[in-house]
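Okay, here's what each chain looks like letter by letter:
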Amino acid sequence: MESFSSPVGLHRVVEPAGVLPQAAYRLDPSPVIRSDEVRVAVEWLNLDAASFRQLSEKHAGDGAAVRAEVLGIIGDRGKMHNPVTGSGGMLVGVVAEVGPDSPLPVKPGDRVATLVSLTLTPLVVTDGLAGWDGRGEQVPCAGHAILFARSIVAVLPDDLDPRLSLAVLDVCGAPALTARTVRRYDAPTVAVLGGGGKSGSLSLVAAARSGARRTVGVVPVAAERDRLLAAGVASDVVLADARDPVGLAAAVTGVLGGPADVTVVCVDVPGCEHGAVLATASGGTVVFFSMATSFAAAALGAEGLAADVTMLIGNGYVPGHAEYALGLVRQVPGVRGLFEDRLAAD
């Protein structure tokens, strides 16, 4: 590496020169840290839902092939950056070394979760992912990762299972941004596409606690509907394919009596943009919190529908988002149960 150190990690970029680490093709994951960096001994990776789905579908559920491709990506790029979805995930590990000039609030021995994407985190895996069968998003592994001065990291709480904390922190930007958006309205109606998933269920709870007068979880299959109803985290739950714009809008308006004031997209498959716009009231807001979203399709679709909606990109960061999401899981048994059931199934 060059002698200078950049708080955003420019010194770790191998190619192409001049871009930030997230946009780089390859990073330098050398374990030797600069004065403002932190090295973490990795315990778990959490692949983001869109990336894992794409890899699993590509290999027809063959876990060994998925594992081999993840290893190949990390080995080639020095980070976990799915070339198809453009996404990665996040990780949990133990702080091994902290540079004397690092501003991050961690010390050696802290068990932490990174709140920045694996697509910009220098990463080395040393165990060949031998403990992972390639069939779930959570990936036990050994190796190391490097955090920059501008990275975001959270010390894991002692009162929650680390795997539960990891699952929550992986999507903690979604409920925080949902809450902020809902508070801009006077008792709005809120529809969450993919309401049965991690980010979706947390967003439903966040909406209700932030003043929504009615929340609707949209799920594609009856089993998810039944689980969401049993959890009691939504006012209503409807069955609809989020990729069917007309069917989705009809399902949402049918239960609400009109389009939603706020629509949150947490579906990890492409093709949900037009339905989300169509299901949202004039003057409303659509929050896209999915790496499967085509933002060109969203913008052009809204234009083509003459839809006067504000569209927000959920970038995964809102100040205080980690503690907010963990607090929801601590305080709402229904949403905690959904997460624990998902972890048990994995």
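Preceding this section is the structure that the text describes.
A quick note: this is a predicted structure, and the numbers were derived from the prediction, not measured.

*Asks:* Looking at this structure, how should I read the overall build of the protein?
*Replies:* Looking only at helices and strands, one finds 11 helices and 14 strands in the protein. The C-alpha atoms of the protein give 20 Å as radius of gyration, which agrees with the globular expectation for 346 residues (20 Å, within 12%). Dimensions of the protein, computed from C-alpha atoms along their principal axes, come out at roughly 60 × 45 × 40 Å. Burial statistics for the protein: of 346 residues in total, 55% are counted as buried. Counted over contacts in the protein with a minimum sequence separation of 6, partners at least 24 positions apart contribute 70%. Summed over all atoms, the accessible surface of the protein reaches about 13,800 Å², with 54% contributed by carbon and sulfur. For the protein, the distance from the average site of its 27 positive side-chain charges to the average site of its 36 negative ones is 2 Å.

*Asks:* What am I meant to see in the sheet that holds strand β14 (residues 310-313) here?
*Replies:* Hydrogen bonds between backbone atoms are what pair the strands of a sheet, whose relative direction is either parallel or antiparallel. In space, the six strands of this open sheet follow the order β11-β10-β9-β12-β13-β14, with parallel pairing throughout. Two strands in the sheet have a free side with no partner beyond their single neighbour: β11 (236-239) and β14. Going from strand to strand, the sheet's axes swing by 20 degrees on average, the running direction of each strand aside. Note: strand β13 (residues 280-288) against β14, four bridges, orientation parallel. Note on β14: the bridge partner recorded for V287 is L312. Contacts from helix α6 (residues 222-231) reach β10 (214-219) and β11 within the one sheet, and its direction differs from that of β11 by about 180 degrees.

*Asks:* Can you help me understand the pairing of β10 in this one?
*Replies:* Within a regular beta strand, the side chains point alternately toward one face of the sheet and then the other, so they alternate between its two faces. By the criterion of burial, β10 is predominantly enclosed, with five of the six residues buried. Sheet topology note: the strand β9 (residues 189-193)/β10 ladder contains five bridges and is parallel. Directly across from A191, in β10, lies its bridge partner V216. In the sheet, β10 pairs with β11 via four bridges, with the strands oriented parallel. Residue V216 lies in a different strand from β11, and its bridge partner there is D236. In this region the chain leaves β10, passes through α6 and returns to the parallel neighbour β11; the handedness of that crossover is right-handed.

*Asks:* For this particular structure, what's the right way to read a nonpolar patch on the surface?
*Replies:* Taken together, the side chains of V246, L278 and L305 define a hydrophobic patch exposed on the protein surface, amounting to about 250 Å² of accessible area. Assignment of secondary structure puts V246 in helix α7 (residues 245-256). We classify V246 as exposed; its relative accessible area is 59%.

*Asks:* How should I be thinking about the side chain of T189 in this particular structure?
*Replies:* Looking at the secondary structure, you find T189 in strand β9. With residues up to four places along the chain from it excluded, the contact list for T189 reads R213, R214, L256, P259, A260, D261 and V262.

*Asks:* Mind showing me how you'd approach the side chain of D48 here?
*Replies:* With respect to the helices and strands, D48 occurs in the loop between β3 (38-47) and α1 (49-58). Among the polar contacts made by the side chain of D48, one reaches the main-chain amide nitrogen of S51 at a distance of 3.2 Å. When neighbours within four sequence positions are excluded, D48 is seen to be in contact with S87, G88, G89 and M291.

*Asks:* For this particular structure, what's the right way to read the environment of R336?
*Replies:* Topologically, R336 is positioned in helix α11 (residues 333-345). Sequence separation between R336 and L164 is 172 residues, and the spatial gap between their C-alpha atoms is 8.7 Å. Not counting residues up to four positions away in its chain, the partners in contact with R336 are D159, L160, L164 and V329.

*Asks:* In this structure, what is going on with the packing of aromatic side chains? I would like to understand it.
*Replies:* Here the distance between the centres and the angle between the planes together describe a pair of aromatic rings. According to the stated counting rule, one finds one aromatic pair in the structure shown. With a centroid separation of 6.3 Å and an interplanar angle of 85 degrees, the aromatic rings of F288 and F295 are classed as edge-to-face. Taking the relative accessible area as the measure of exposure, F288 reaches 2% and is therefore buried. For F295, a relative accessible area of 35% translates into the label partly exposed.

Reading the values: the criteria
Residues numbered from 1 in each chain as written. Predicted model: local features only at pLDDT ≥ 70, side-chain atom pairs only at ≥ 80, totals over all residues. Heavy atoms only, no water. Helix = DSSP H or I, 4+ residues; strand = E, 2+ residues; numbered from the N terminus. Rg over C-alpha atoms; globule rule 2.2 N^0.38 Å. Buried < 20%, exposed > 50% of the residue type's maximum accessible area, 1.4 Å probe, protein only. Contact = heavy atoms within 4.5 Å. Areas by Shrake-Rupley, 256 points an atom, 1.4 Å probe, with all protein chains shown as cover. Lys, Arg positive; Asp, Glu negative; His and termini not counted. Charge placed at Lys NZ, Arg CZ, Asp CG, Glu CD. Pairing = 2+ DSSP bridges. Axes fitted to C-alpha atoms, helices over the stretch in contact; angles between N-to-C directions. Right-handed = clockwise from strand over helix to strand, strands pointing away. Patch = residues over 30% accessible without salt bridge, like charges linked within 9 Å, V, L, I, M, F, W, Y side chains within 5 Å. Salt bridge = Lys/Arg side-chain N within 4 Å of Asp/Glu carboxyl O. Polar contact = N/O pair within 3.5 Å; in protein donor to acceptor, adjacent residues only side chain to side chain. Phe/Tyr/Trp six-rings, centres within 6.5 Å; stacked < 30°, edge-to-face > 60°.

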